[in-house]
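Chain and residue survey
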Amino acid sequence: MAKYYTEPSRTFSEYLLIPNLTRRECTTERVSLRTPISKYGRGEQPRLSLNIPFSSAVMQSVSDNAMAVALARSGGISFIFGSQPVAEQASMVGKVKSFKAGFVASRSNLTPDHTLADVKALKASTGHSTVAITDDGSPRGKLLGIVTSRDYRDSRDPSDKQIREFMTPYASLVCGRSGISLPEANDLIWEHKLNCLPIVDETQRLEHLVFRKDYDAHKEYPLQLLDANKSYVVGAGINTRDYEERVPALVAAGADILVIDASDGYSEWQRDTIEYVKANFDIPIGAGNIVDREGFRYLVDAGADFVKVGIGGGSICITREQKGIGRGQASALIEVAEERDRYYQETGIYVPLCSDGGIVHDYHITLALAMGADFVMMGRYFARFDESPTRKLKVGNNFVKEFWGEGSNRARNWQRYDSGGKENLLFEEGVDSYVPYAGGLQENLDKTLGKIKSTMCNCGAISIPELQREARITLVSATSLVEGGAHDVMIKDTGLSGD
Ligand code: RVP
């Protein structure tokens, strides 16, 4: 006889948080949203943490290199989509890793033998007024000097004047040494009233330039997520078929973490994939998606560093309708979090959980965290922003962005939506859609984070672990759901009744 679950499977909207005592120290400025993303032992530090508990979905219409840079800059992580050829995915990862926040490769370079005419021509074509002068004219050559528009007089100096005669020579330059941090570079820029600080290695070879204006932009992102080399942290999605080809390329490109992206992750193919990665590489790997304690145990026993929870809750996902598998996101998360905590008690190993899909309102994120998720993964949320890879269109009077599921025909992601065996995708599990355009990522994120922090203060928590420990959560009845929105009033904007 089949096993029956007597409790209905529930979504986030069926729950609310009950405030705890808000202590004086519970202010939004004090709230830390730092959270682990790979497993760690009791008393140890996780190998990888996020500064905000947000990841962007492994989807063509969400997570490319531009989204990854924007989100890492704000403290979260993107998992670059795997439904593309290996070389293209690796190239996107490489672009994120070589994007050094505030440190840029010099794009205008000449040698001392070039002339003022060359400087002017270069300036006209690039628009850059700072030219690095290196021995071979390359961006990584030995730095011999710098030319800016302050070094020559346009009208007076002859065009054939050689750069060596008017450049600011290396001996007179203030330079930073390789490995310098951005705050240190900024101190030098301010101390010496510079516009540009060249960074050189011990043999005087040019590595980067740091510009005053870039640093100003940089200071706006105090939570940015950087690796030890000060590159942005980035993840990548993989599948259970071509991992022997894909994983080496992603690791070589510098990916910081992998995730096996599958709608149903409770499979022997996932075990094989994890075992392959663990045997051959030193990189954390998440697995999923699962919705119950059995799936969690299976993937963790196989070696998963984090586990992704959720089947069928995604905004563009029709897996439940098509195949009749899945579980309400809240119920799935509650059960898996309980099992994760039990696993921790038994083994002393903490396995972070990612709640994936079905976040509609900002408070759903807070609920997911309170229910035991360490971070969330979102598709629709990020698809609405300028930074997502898709087209912005005008439909009627509104701007929208395109957003399609990985299981839709448009994505033709044959790997994710089969079980891992040989058969091809026979039916769709996702739709092709529009989402309302919402502007830039940072401004939207600030609002969402503000709400999460504020609710955490209501719950008397200034960290995610504290929220997970202390939260009190109640189910809401269908009638009290109505009570929760504006009701029995005429809303002014639309003139419509609020219920
Ligand atoms: P949402 O944030 O609700 O848009 O959900 C995003 C999630 O939906 C993804 O992280 C993934 O788990 C799932 N997804 C992506 N494509 C599809 C599909 O085509 N069915 N589902």
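Residues numbered from 1 in each chain as written. Predicted model: local features only at pLDDT ≥ 70, side-chain atom pairs only at ≥ 80, totals over all residues. Heavy atoms only, no water.

Identification of the chain as IMP dehydrogenase from Cohnella hashimotonis is taken from an unreviewed UniProt entry. Under the UniProt heading Catalytic activity (unreviewed entry), the note attached to the chain is "IMP + NAD(+) + H2O = XMP + NADH + H(+)". Check the Cofactor (unreviewed entry) section of the UniProt entry for the chain; it says "K(+)". (UniProt positions renumbered as here; feature names shortened; annotations may be inferred.)

A closer look at the overall build of the chain
Looking only at helices and strands, the chain has 16 helices and 25 strands in total. Its C-alpha radius of gyration of 26 Å places the chain within 12% of the 23 Å reference for a compact globule of 499 residues. A principal-axis box enclosing the C-alpha atoms of the chain has dimensions of 90 × 55 × 55 Å. Buried residues in the chain amount to 53% of all 499 residues. Within the chain, counting contacts between residues at least 6 apart in sequence, those at least 24 apart form 65% of the total. Counting only carbon and sulfur atoms, one obtains 50% of the accessible surface of the chain, whose full area is about 23100 Å². One finds the centroid of the 58 positive side-chain charges in the chain at a distance of 4 Å from the centroid of its 66 negative side-chain charges. (Helix = DSSP H or I, 4+ residues; strand = E, 2+ residues; numbered from the N terminus. Rg over C-alpha atoms; globule rule 2.2 N^0.38 Å. Buried < 20%, exposed > 50% of the residue type's maximum accessible area, 1.4 Å probe, protein only. Contact = heavy atoms within 4.5 Å. Areas by Shrake-Rupley, 256 points an atom, 1.4 Å probe, with all protein chains shown as cover. Lys, Arg positive; Asp, Glu negative; His and termini not counted. Charge placed at Lys NZ, Arg CZ, Asp CG, Glu CD.)

Concerning the site of the ligand
The immediate surroundings of the ligand are formed by 23 residues, with Ser 315, Asp 356, Gly 379, Gly 407 and Glu 429 found nearest. Arg 380 is positioned with one of its backbone polar atoms (N or O) 2.9 Å from an oxygen atom of the ligand. At 2.9 Å, a backbone N or O of Glu 406 approaches a nitrogen atom of the ligand. Summarising the interface, the protein chains cover 96% of the accessible area of the ligand, which totals 490 Å² for the free molecule. Here the residues of the shell around the ligand are counted per class, giving eight nonpolar, ten polar and five charged. (Near = heavy atom within 4 Å. Polar contact = N/O pair within 3.5 Å; in protein donor to acceptor, adjacent residues only side chain to side chain. Nonpolar A, V, L, I, M, F, W, Y, C, P; charged D, E, K, R; others polar.)

Focus on the pairing of strand β22 (residues 392-395)
When β22 meets strand β23 (residues 398-404), the two strands line up antiparallel, connected through four bridges. Bridge pairing in β23 links Lys 394 to Phe 399. (Pairing = 2+ DSSP bridges.)

Considering helix α11 (residues 329-347)
Here α11 is 19 residues long and its end C-alpha atoms lie 26 Å apart, about the 27 Å a rise of 1.5 Å per residue gives. Among all positions in α11, only Gln 329, Ala 330, Ser 331, Ala 332, Leu 333, Glu 335, Val 336, Ala 337, Glu 339, Arg 340 and Tyr 343 are buried. Where α11 terminates, the next one or two residues include Gly 348, which has phi positive at roughly 75 degrees. (Expected span 1.5 Å × (residues − 1).)

Overview of the packing of helix α9 (residues 293-302) against α11
With their axes 8 Å apart at the nearest point, α9 and α11 run at an angle of 45 degrees to one another. By the angle class used here, α9 and α11 are oblique. In the packing of α9 onto α11, the handedness of the crossing is right-handed. Counting all contacts with α9, which are made through Arg 293, Glu 294, Phe 296, Arg 297, Val 300 and Asp 301, the residues of α11 involved are Glu 335, Val 336, Glu 338, Glu 339, Arg 340, Arg 342, Tyr 343 and Glu 346. Its residues assigned to classes, the contact of α9 with α11 comprises four nonpolar, no polar and ten charged. (Axes fitted to C-alpha atoms, helices over the stretch in contact; angles between N-to-C directions. Parallel < 35°, antiparallel > 145°, perpendicular 65-115°, else oblique. Left-handed = near helix turned anticlockwise from the far one by under 90°.)

Topic: the packing of aromatic side chains
Applying the stated criterion to the full structure yields 15 aromatic pairs. Taking 6.1 Å as the distance between ring centres and 65 degrees as the angle between the ring planes, the aromatic pair formed by Tyr 276 and Phe 281 counts as edge-to-face. According to the relative accessible area criterion, Tyr 276 is buried, its value standing at 16%. Aromatic rings pair up to connect Phe 54, Tyr 381, Phe 382 and Phe 385 into one cluster. Between the NZ or CZ atom of Arg 42 and the centre of the ring of Tyr 344, over which it lies, the distance is 4.8 Å. (Phe/Tyr/Trp six-rings, centres within 6.5 Å; stacked < 30°, edge-to-face > 60°. Lys NZ or Arg CZ within 6 Å of the ring centre and 35° of its normal.)

Describing helix α8 (residues 268-280)
Helix length check: α8, at 13 residues, gives a terminal C-alpha distance of 19 Å against a target of 18 Å (1.5 Å per residue), a fit within 8%. Those residues of α8 lying buried are Gln 270, Thr 273, Ile 274, Tyr 276 and Val 277. End-on, the buried residues of α8 take up no more than an arc of 160 degrees, which puts them together on one face. Exposed residues pointing more than 90 degrees away from the buried face of α8 are listed as Glu 268 and Ala 279. (Arc of directions from axis to C-beta.)

Re the sheet that holds strand β24 (residues 432-436)
Pairing is antiparallel in the open sheet, where three strands are placed in the order β22-β23-β24. Each end of this open sheet is capped by a strand with a single partner; those strands are β22 and β24. Within the sheet, the average angular offset between the axes of one strand and its neighbour, ignoring direction, is 45 degrees. As paired elements, β23 and β24 share five bridges and run antiparallel to each other. By the bridge assignment for β24, Lys 401 is matched with Val 435.

Thoughts on the confidence of the model for the chain
Confidence in the prediction of the chain, expressed as mean pLDDT, is 92, and 95% of residues score 70 or more. Reported confidences for the modelled complex are a pTM of 0.82 and an ipTM of 0.98. (pLDDT = per-residue confidence, 0-100.)

Regarding the sheet that holds strand β9 (residues 131-134)
The four strands lie next to each other as β8-β9-β10-β11, forming an open sheet whose pairing is mixed. In the strand order of this sheet, the two ends are held by β8 (109-110) and β11 (168-169), each with one partner.

Some remarks on the pattern of salt bridges
According to the stated counting rule, one finds 29 salt bridges in the structure shown. Between Lys 97 and Asp 256 there is a salt bridge whose closest N-O contact spans 2.7 Å. Taken together, the residues span a long stretch of sequence, with Lys 97 in helix α2 (residues 86-98) and Asp 256 in the loop between α7 (243-253) and β16 (257-260) at a distance of 159 residues. Owing to a relative accessible area of 12%, Lys 97 belongs among the buried residues under this scheme. By relative accessible area, Asp 256 is classed as buried at 17%. Arg 327 is paired through a salt bridge with Glu 335; the nearest N and O atoms lie 3.0 Å apart. Several salt bridges converge on common partners, so that one network encompasses Arg 293, Arg 297, Arg 327, Glu 335, Glu 338, Glu 339, Arg 342 and Glu 346. (Salt bridge = Lys/Arg side-chain N within 4 Å of Asp/Glu carboxyl O.)

Observations regarding the environment of Thr 319
In this structure, Thr 319 sits in helix α10 (residues 319-323). Expressed as a C-alpha distance, the spacing of Thr 319 and His 192, which sit 127 residues apart in the sequence, is 60 Å.

Concerning the packing of α2 against α7
Relative orientation and spacing of two packed helices are given, respectively, by the angle between their axes and the distance between those axes. Relative to each other, α2 and α7 sit at 20 degrees, their axes nearing to 8 Å. Our classification of the angle between α2 and α7 gives roughly parallel. Taken as a pair, α2 and α7 cross one another with a handedness that is right-handed. From α2, Val 86, Gln 89, Ala 90, Val 93, Gly 94 and Lys 97 reach across to α7, where they touch Glu 245, Arg 246, Ala 249, Leu 250 and Ala 253. Among the residues forming the contact of α2 with α7, the class breakdown is six nonpolar, two polar and three charged.

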